[in-house]
Each structure stands twice: as structure tokens, then as C-alpha cells.
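Reading the structure
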Amino acid sequence: MKLRKIDISQSDLLMHQVSSLYHSGKSMKTCWKVHLNIKGQTGRMMLTWLLLVSLVCVTTQDGDGPENSVLQCGPENLTLSSSGQVIVLRWTEDDPSCSAVHDVLVYELVVLKPDVPTPVTGEVSVMPEQIGSSHSWSWRSSFALECFSHSVRIRSRYNKQASPWKQEDIHPGMEHLKTAGIYPKDALLERGSNFTFCCILPEGEIFNSAPTIRGLGSGSSESRQISNRSYAVTVHLTQASDRSSTCFHCTPPDHGACAYIGDPPQDKNLQCETRDLQSVECYWTAGRDYIVSHKSPTVYHLLGRECRKGGGELGMSGDQARWKMEVEIDVGEVNWTLTAVNGIGKVELLDRADLIKRVHMFAPKAVMASTINARNVTLEWEWTVQHYRNLKIRCQVKISHGDTHTIREYFGVGLSFTVLNDLIPYWKYNVTVRCATTPDLWKWSDWSTTVNFHTRGDVPDALDVWRQAAGDEVIILWKMPLANQSHGIIKDYRVTWEKTRSRGKEPQHATVHNNDSLSLSLDTAEEYIITVTARNENGSSPPSTITIPSFSPVSDGAERANGSWIVRSGGSFNLSWSPSPAASCGYIVDWCPSVGRCKAEWLKVAPNQTSARIFSENFTDGVRYLISVYACTQGAPLLLNTLEDYVRETRIKDKLFKSLKWKQQDSDVEVFWDRVNQREQSAFIQGYVLYWTEQDSNENFSVSTVNPEDTSLTATNLRISSYEFRVAALTAVGESGATYFTATLNPLNNLVKPVLISLITVFGVLSVISVLCYKHWACIKQKVYPPVPEPVLTWPTSLGANRCRPLHVDHETEVLDVSELHYDSVPVAEDYVTEKPPASSQTPAGYYNQPLRRSIPAALTSLAIDTPASPFRSVFSNPSYDLLLQPGEQQSSLGSRLQEGTSSEGSFSEYQAQSNTQTFSFIETTEEPENLMSCVFTYIVVPKST
């Protein structure tokens, strides 16, 4: 500022006014300090103009603001540094005038860079109590600092006064180099962000607008020119670097740079707690970023206290981090803040908690079983933290024996002991304890060390008893007590039985050692009560009783319940049944192989259950089991239903059919087999199939049946050839039990049927003829063998009293029986012979159509044959009555046989042989000779007149 003196009067006044303006803090850049000496009228006018000019200057200075006023307190000891893309400026205030500052002192900062027309500005406010200390300000550039030169200007401002600008230049950049390069190098970049690289090209080299980026994946980029040789390339970082860096090339590969792309700290899930009420322990999940942690390890701060990974207070276990810090625990919620920082960014975790409600207790110590009984034990332990004695504690005791684990809970203030009840006598236990505070349960403590103890012995538990019928015997069964039921070493078993109607008397008993059954021969007409007990060194078990009913076969459906189902399930049976009102004490399910002798197994079910899963280590695939369901009653068990099934059906072995037979019937072959024994069935047979194949042919034929009761199948329409037959059983697992045989058909078998048919036809016809002949024999005899008329003898009436009475013949009668012929007394010569033929013969055996050679009585010579006119006088042939009379000798022959003086009206020569034979007999009588002679004829057949 220049000063000029003007000789004007009253200049002292003007100078005072101007000086007051100057010292008021307004900088006069364009106005001069003028000393005026003004005299007279002219002087007064000049003074007026001077005052106007001064007002204009003051107004102009007011428009510039207080910044143009000079402030003595400003930044000193400037230090400018850089790291990567960050510029850091540090300074202090050393001027004595700064001690007079009683309000906020503001520092203005400006960063100048060539790619941005408007400078970047910032402010730092300093409180009066901070004046005199070190201050700093940082700024992050979007480019690498090597791309071009940067400069920083700073000044202070206080109460509308500003100090002069002070400028610090950072390194001038690399644009002056003659070699090309890409910056920054080895940068640590955040994934998902946009980052700008700068490429500095040598003189005359052309920039590639599509730079090469290796290891980035599908990242996109754009570029722009900054200066003659510098270009900016902005890349979208979509993918983190994997174990190695990501490289960029905007010129040939020898001019590139690599960077590490990652994330800020990924830590999360902060939780803080206390274990001893004297310190805090915070846990969180630490993020994993190998590239970033390698370039810039994460730094943690908890409540402002720094701790790095690997420090004594910070522990890492996998991805879990833990930090313990001694603090004073107060009641109430506190904000526990954790800050994690790495080279890319930082994350802040917050956990608001009342540590009094977040007590993570230590495990109990010195756990011991102080008092041990058969069924209870007293358990004690100690606490290492004295504050626990005043807390409400909830403890869990885990009781283990074998593969069984149970947890019991106990409560109390400062809880340090408990009593375990309902333990198994004579049993080994393992016990461990853990605790937590209540009612605000935060976390359980670790389990204490395990304590082992063995309870004292006791009498055995009651036995599980059942019965099984085996013919005339009853087998009493019981399950031998398990180790947790015997409560000691079992010595023996005592079985007693007595009849129900004779209870009160001394029962029969037997003692069994090391066995689980006893066979009894009981009276099947009586009901028995069986009692079984087990005995060890502590005594006998409570008695187990079962009732054996008198034998009475159960009729089908008479006492059985309907509706039982069985389902196979992984080597076991799932069984269900309909409820029974008779099941007052539950149900019993027993099972046994259905073939052969076996020892039954059983399962008892509660009354409110109607289903059970049946499993046994003795179950075998391919064995059929008989399963029975009984209702448990106050008396004898009641059978409800029986079922049969396999745990798993298996294929039946080949050659199942032991005695295959076949029979040819014309062109058919019928194959027979015996019923399959159930012992040989490893699956339910659902039917059978018969296959046959003709020799030298690959064509197969089959016939099947789905009736398992069938025992034959027929192959039809076969040709005369040799065949191979195969019979198999149909089961749920496929065809099984295949049996083969070969058969050759016989062509002669084709004649059997016609011959049999012919024979049967002939026999039938003959049978019909015989039946018809039998039924119509009289008619056939009449036509084929008609009756022959018999000779009729009529005695003459002139014989008087001594004659045979005439035979009365009814011409309408075919057969006439004449009982007697009477004659008068005629003496019979002694030598008269009468031949008596058998009465049962039509032709008498003693009558051979020969003349009588003996003499005839004399009285007979006077016999005259009265032959009145009648049909009997006609001559008819009779082969069986053929008299051997020679011609010409009839009279002489007859006369020789008769005495003289006999006369007759007819001659014997008129009688010829008949076609039928009449049998008659001369019965010798003992009557007197004067009585009539009896002529007894068996029968006389008289032909009908024609």
C-alpha cells in the first residue's frame, strides 16, 4: 500500500477517520492513506469529495468481506505427506497472537489439480482449548498422485479476519517422465466400486481405448484424456482378487500395474458378556479376506482401546474372534462398540447389553457323590467365583448309564448340591453338571468333569411271564431280568402252580437255575394259577402270576376279534388291531415260526394302545411267523386274532417240486405235483406256472394259475415230439422253485381214445339190449318160443266106478294143473313098475320116450280111453315126447303091453310127439286097492284153440 501526503488543512481529522477504518480490520487494497491540509471554501469542497471516495472504498472493502483482513494467528509448521491416493496435511499454531483467540478458529484448505477446473475445498474447525496442538486434514484423490502434480493451500479465519494463504506442493507427478506407466501400482481397492487408473504414455504412442484387464472377469471400463500424455481409465471392480492380484494394461504388457481387490472388514455378530463379573468378553465373527488381510491387517478398537490380531488380548478360533477386557460391571445397559479397520474401509459393530444379565458361568468344580444308596445319591460341587454364591442359579445334571442319557434340572441361590432320586439299584452311573443364571438365562456353562459311582443292590424287579401250549404240556416262559432289573446277581427262579378251585392249599413248586422256561404236565380239565419269582442276594422279586385256562378249543370267530392288520417294516412287523373291552390290563402279542417247535417271544402292550412294532433279533428272512394277539384279563388271556406273515419274503430254492408226474392225453400233457410243504416255502405262493419248449425250438409256451391250492397244470395242443417242461411257483418276489423235466409224447396214445370209445359204445348197446330183453322177456318168449300144447287124456265113462274121472279142460285156460286121477279098485301087479321123474323138470329125467317093458296090471287091460271130439284129439308134434313106435307095430306093441279084453275108442297111434313136454307123475299110494287110484299131474299145458 502506498502512502501520499497532501497538504490540506484539517488533515489530522481525516487521518484519524481513515486510521480508524484501517484498524477496524478492513484491508484497504485499492485506497491510499491521504494526509489532507484543507483551507478555505475550496478546502471544504475537497474534504467532501474525499469523504465520498472513502465511503466508496469502505463499501468496496465490505463487499470483499473479512477474509481480506490480515490475521496474525495462522497455520505454522506445515507438513504434507501422501499415502496411495491420500494427501495428509499437518500443522500447528505457534504465533503468540493465537492465545487471544476465544472462539472457533477455522482453517480453509484448497487442493489444486489440473484435471478439475474448480479447486477442492475443505475446512477444519479448532476449538479454543485445541489451539496450540497439532492439527491434520486428509483428502483422498480419485487418481493416483503419480498421475499429475497436486498442490494444497491453507489459511486461518477468525472473526471475519483471514490469514494469508500458504501453499504446499506435493510431488510433481510422473507426467514428465519419458517412459510410460500406469498408476497406482499394487493398490488395495474395494470390490463393487469404480476406480480410475491413469495411463502415462511415452511421446508419440497411441492410447488403446479398450485396456486389457486380467483377473477381473466381466468388468467394464471407460477412458478419457487428461493431458497430452495422460489418460484416465475408470474400471468397475465387480470381482474380488483370488489369491493373486488383478493386473491392468493400457499399453503393451510391459506397461501395466496390478491391484488387490477386496472388501472392507466383514466382521459381524458382536456379543459381549461377563464370566466373573469383573471383566467383559466380546465375541464376533471375523470376516475372511486373504488378499486384504495380507496387504492390510485389520485393526480392532473396543471402547477406543486398540488391539490387533495376534495380540495377547485378542484370540482367534477359526472365524470366531474373542477379546477380553477388564472393566467395572455396573447394572444397566451399556453400548459396547467394536471398530474394525483395514486398508479398504472399516466397519463398526454395536452391542447394547446389561452384563449383569449376561453372566456366562464357569463350569462347576470338584463334583463328587457324597452319599450313595440303592436308589438315590447326593451330588456336591464347588464354585471358583465367589460372586456366584449370591446369584440365582439353574443347574442341569446329565445322568448317563450305557447308551442312555437323561438330564434333570435343579434351582437355588448359589446352588452347590442336589439329590438324585429314582436311580437303578446295583447300577453304574456317569454324572456331569452345568449351570446358568436365572431367570435371565444367557448361556450354559461348560459341563463339569464326569463323576462315576455305583449304586447299592436291591431285590429284583417283577418278572415278565407268559405261557405256551406244546401238545399236552404247558411251557411257562419268563424273560430273564436285564442287568438294570436284576439289581444284583440272580441265584435262581421259583415256579409254583396250583388249581384255581383248590387255592389255599400248599401249591406245587419247582426251582429253576439259569433257565427261562419250565414245562409242566397239567390236567387240561382244570384251570391253574402259575407264579414265578426271581431271587438274588438281596431277596426275592415280587411275584408274577399268569392263569392257565382249562383246555377248550376256540371255535372260529367265537371269541376272536375282527380287524387285525400287519405291515412289514424294515425287518420288523407293524401290527394293529381293534380294541377289545375284555382287555382290562392291556394286550399281549406273541410270535413264533409257524413250522416246527419253537420258543415263543412276546410283547405286552398298555390298555390304551392297539398297535405295536414287533422286532426280534431272532427274526429270519424267508421264515413264516405265526403272530397272535391276546387280551390281558383278570383271569386267563383271551385270544383275539392270529396272523401269518414273513419279515421278508425270499426266493424259494429251485427244485421245489420233488415228485413231478405227467400224463399224456392225446395231444395234451397234464403235469401233477404234491402240495408244497410249508417248510420249503420262503414266500407266500400265489399260484403256479408251467412252461414248455419243444426240442430244437426256442419258442416258449406257458400256462398258469393263481390258485395256490392247485396241484396240476395242462399243456395243450402239443405235437408228437420231445419237450422240456418247467414248473415254478409265483410269489411276491417273482418266480421261484423252478423244477425241470423232459417228456416225449407217444403217438400210440392217439389210438387209445377211439378204442375206448368203441368198447364203451358196444358195451352200452349190449347193456341196453339186455335191459330191454329183460323187461320184455315174456313178449319175446311168446314170439320166439311160443308154448306147446300138452296132451289131454280123457277116461271113458264106461269104466264105471273103477275108472279115472274125466279131466275137465277149460278151453280158455292155457295151463291147467290136475292134482289127482282116481280109479276104481284095480289090483296092481307086483311087477308093475312106475318111473317117477323129478317134479322140477319139464322133461322127466326118468322119462326117455321109451315103452314100458314091465307088465301092466290086468285091470288096466279093460281101460278104455274116452276121447270125445275136442281139439285135443288132433295130432301135434312134440319132440320131447317122441314115442319110438315102429310102423305096423303100434297095435301089437300096445297090445303086448295090455291085457286082452281091453277096448278103446281111439288108438295110441293117433298121438304124436308134442312141441312141448308135459310132466306128470304117478304117485304110488298106500290106499287099499278098492280105493280110487290117484293120478297126480304136476301141470298140463293146454294150447289155446285157434
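Notes on the structure in this doc start here. Since the structure is predicted, the reported quantities are computational estimates derived from the model, not experimental observations. (Residues numbered from 1 in each chain as written. Predicted model: local features only at pLDDT ≥ 70, side-chain atom pairs only at ≥ 80, totals over all residues. Heavy atoms only, no water.)

**Comments concerning the state of the cysteines**
On inspection of all chains with the given rule, the structure shows 5 disulfides. Here C395 connects covalently by a disulfide to C435, the sulfurs 2.0 Å from one another. Linking C395 and C435, the disulfide has an S-S dihedral of approximately 100° and is accordingly described as right-handed. Note that C395 is positioned in strand β29 (residues 392-401) and C435 in strand β32 (residues 428-437), a separation of 40 residues in sequence. Side by side, C395 and C435 carry an identical accessibility label, which is buried. Disulfide pairing places C585 opposite C632 at an S-S distance of 1.9 Å. Every disulfide takes its handedness from the sign of the S-S torsion; for C585 and C632 that torsion is -95°, giving left-handed. With C585 in the loop between β43 (573-577) and β44 (587-593) and C632 in the loop between β47 (624-631) and β48 (638-646), this pair connects stretches of sequence that are 47 residues apart. Taking the relative accessible area as the measure of exposure, C632 reaches 19% and is therefore buried. (Disulfide = S-S within 2.5 Å. Helix = DSSP H or I, 4+ residues; strand = E, 2+ residues; numbered from the N terminus. Buried < 20%, exposed > 50% of the residue type's maximum accessible area, 1.4 Å probe, protein only.)

**A look at the environment of W427**
Within the fold, W427 resides in the loop between β31 (417-420) and β32. Sequence-distant contacts of W427, that is, excluding residues within four places in its chain, are made with H401, F453, H454, T455, A483 and N484. Reaching out from W427, the side chain makes a polar contact with the side chain of H401 at a distance of 3.1 Å. (Contact = heavy atoms within 4.5 Å. Polar contact = N/O pair within 3.5 Å; in protein donor to acceptor, adjacent residues only side chain to side chain.)

**Focus: the pairing of strand β46 (residues 611-614)**
The two faces of β46 differ: A612 and I614 on one face are buried, but S611 and R613 on the other face are not. Summarising the sheet, β43 and β46 pair through 4 bridges and their orientation is antiparallel. Within β46, the residue paired with L575 across the bridge is A612. (Pairing = 2+ DSSP bridges.)

**Here's the deal with the sheet that holds strand β11 (residues 181-183)**
The strand order across the open sheet built from 4 strands is β11-β13-β16-β15, with neighbouring strands paired in antiparallel fashion. The open sheet has two free edges, formed respectively by β11 and β15 (221-225), since each of these has just one partner strand. On average, each strand axis in the sheet is inclined to that of its neighbour by 25°, with strand direction left out of account. As paired strands, β15 and strand β16 (residues 230-236) are joined by 5 bridges and run antiparallel to one another. Residue pairing across strands places Q225 opposite Y231, the latter belonging to β16. (Axes fitted to C-alpha atoms, helices over the stretch in contact; angles between N-to-C directions.)

**Section: the pattern of salt bridges**
Opposite charge on two side chains permits pairing when their charged atoms draw close. For the coordinates displayed, the defined rule picks out 23 salt bridges. Between K479 and D464 there is a salt bridge, with the nearest N and O atoms lying 3.6 Å from each other. Here the residue K479 occupies a position in the loop between β35 (473-478) and α4 (483-486), and D464 occupies one in the loop between β33 (451-454) and β34 (465-470), the gap between them amounting to 15 residues. By sharing partners, the salt bridges in this structure join E108, E123, R155 and R157 into a single network. (Salt bridge = Lys/Arg side-chain N within 4 Å of Asp/Glu carboxyl O.)

**Digging into the nonpolar core**
I476, W478, V495, W497, L518, I530 and V532 are the most contacted members of the largest nonpolar core, which totals 29 residues. Looking at this core, the elements that each hand over two or more residues are β34, β35, β36 (490-499), β37 (508-512), β38 (517-520), β39 (528-536) and β41 (544-548). For this core, the leading source of residues is β35, giving 5 residues. Setting aside residues no more than four positions away along its own chain, W478 makes contact with L463, D464, V465, Y493, V495, V512, N515, D516, S517, L518, V532 and W602. Listed in part, the 27 residues of the second largest apolar core include W381, W383, V385 and V451. (Core = buried A, V, L, I, M, F, W, Y, C linked by side-chain atoms within 4.5 Å.)

**Some remarks on the sheet that holds β47**
Adjacent strands of a sheet form backbone hydrogen bonds with each other and so pair up, either parallel or antiparallel. The strand order across the open sheet formed by 4 strands is β45-β44-β47-β48, and the pairing between neighbours is antiparallel. With partners counted over all chains shown, the strands left at the sheet margins are β45 (601-605) and β48, one partner each. Across the sheet, the mean angle from the axis of one strand to that of its neighbour is 20°, orientation sign disregarded. With 8 bridges joining them, β47 and β48 adopt antiparallel strand pairing. Each residue of the ladder has a partner; that of I627, found in β48, is L643.

**Thoughts on a nonpolar patch on the surface**
A cluster of nonpolar side chains, contributed by V755, L756, L759 and I760, occupies part of the molecular surface with about 390 Å² of accessible area. Relative to the helices and strands, I760 is located in helix α5 (residues 749-775). (Patch = residues over 30% accessible without salt bridge, like charges linked within 9 Å, V, L, I, M, F, W, Y side chains within 5 Å. Areas by Shrake-Rupley, 256 points an atom, 1.4 Å probe, with all protein chains shown as cover.)

**Structural notes on the pairing of strand β24 (residues 320-326)**
Of the two faces of β24, the one lined by A321, W323 and M325 is fully buried and the one lined by Q320, R322, K324 and E326 carries no buried residue. Pairing geometry for strand β20 (residues 279-285) and β24, over 7 bridges, is antiparallel. By the bridge assignment for β24, S279 is matched with E326. Sheet topology note: the strand β23 (residues 314-317)/β24 ladder contains 4 bridges and is antiparallel. Bridging across to β24, M316 finds its partner in A321. If you look at the hairpin formed by β23 and β24, you'll find 2 residues sitting between the two strands, and G318 has a positive phi there, around 65°.

Geometric values such as these leave the question of function open.
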